[in-house]
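These are the residues of each chain, in order.
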Amino acid sequence: MADDDTEAEAESTTETTAEEETEAATDDVAIDVEAIDEYEQRIEELSTAVEERDETIEELRSVVEEQSEQIEKLENQFLDLSARVADGRNLGVCPECNGPTEKKERLFRSDTIECTRCGEVIHTY
């Protein structure tokens with residue numbers, strides 16, 4: 001009987017060791033799967049961030065382009081206004097409505113350049 005007990009203990013020890021190895025291998029696989037899931041999630045987050053950054057860059061480029069066009073238009077209007085005022089006839093172009101402007105000389109207030117169409121004061125002396 002002692003031999004049977006020894007054999008039973010040896011078999012149970014072998015089975016226990018095999019079960020522990022299987023559990024350890026399963027735990028390693030589970031950790032790897034979790035790490036892979038976290039890695040994939042991080043990749044998706046970074047991809048989304050890159051796409052958002054690209055969209056923001058495109059929006060900013062379009063805003064800069066629009067502002068550049070507006071600045072160019074205003075510069076041309078200002079140069080036109082300055083040239084007309086400088087020619088002595090005191091005429092120019094309104095930057096708001098592109099109407100004619102003229103210099104208004106006043107006795108008690110500051111002289112101004114005003115649009116005759118919309119009444120906008122362009123410049124006060």
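In what follows, the structure referred to is the one given above.
Scope of this entry: the structure provided in the associated data block. (Residues numbered from 1 in each chain as written. Predicted model: local features only at pLDDT ≥ 70, side-chain atom pairs only at ≥ 80, totals over all residues. Heavy atoms only, no water.)

1. Describing the overall build of the protein chain
Turning to step 1, where the next piece is worked out: Looking only at helices and strands, the protein chain features 1 helix and 4 strands.
Turning to step 2, where the next piece is worked out: Listing every helix and strand of the protein chain by position from the N terminus yields α-β-β-β-β.
Turning to step 3, where the next piece is worked out: For the protein chain, the residues scored as buried account for 10% of the 125 residues in total.
Turning to step 4, where the next piece is worked out: The contacts in the protein chain between residues at least 6 apart in sequence include a share of 11% that link residues at least 24 apart.
Turning to step 5, where the next piece is worked out: Looking at the protein chain as shown, the accessible area adds up to about 10300 Å², and 51% of this sits on carbon and sulfur atoms. (Helix = DSSP H or I, 4+ residues; strand = E, 2+ residues; numbered from the N terminus. Buried < 20%, exposed > 50% of the residue type's maximum accessible area, 1.4 Å probe, protein only. Contact = heavy atoms within 4.5 Å. Areas by Shrake-Rupley, 256 points an atom, 1.4 Å probe, with all protein chains shown as cover.)

2. Observations concerning the pairing of strand β3 (residues 112-115)
Successive residues of a regular strand alternate their side chains across the two faces of the sheet.
Turning to step 1, where the next piece is worked out: Across the two faces of β3 the burial is the same, with T112 and E114 and I113 and C115 all buried.
Turning to step 2, where the next piece is worked out: Sheet topology note: the strand β2 (residues 100-104)/β3 ladder contains 4 bridges and is antiparallel. Bridge pairing in β3 links K104 to T112.
Turning to step 3, where the next piece is worked out: Linking two consecutive strands that pair antiparallel, namely β3 and strand β4 (residues 121-124), is a turn of 5 residues; a positive phi of about 80° is found at G119 within it. (Pairing = 2+ DSSP bridges.)

3. Things to note about the pattern of salt bridges
Turning to step 1, where the next piece is worked out: As enumerated under the stated definition, the model contains 4 salt bridges in all.
Turning to step 2, where the next piece is worked out: A salt bridge links E45 to R42; the shortest N-O distance between them is 3.5 Å. On the criterion of helical spacing, the pair formed by E45 and R42 is a turn pair, its members being 3 residues apart in helix α1 (residues 2-86).
Turning to step 3, where the next piece is worked out: A relative accessible area of 41% means that E45 is categorised as partly exposed.
Turning to step 4, where the next piece is worked out: Taking the shortest distance from any N to any O, the salt bridge between R53 and D54 comes out at 3.7 Å. (Salt bridge = Lys/Arg side-chain N within 4 Å of Asp/Glu carboxyl O.)

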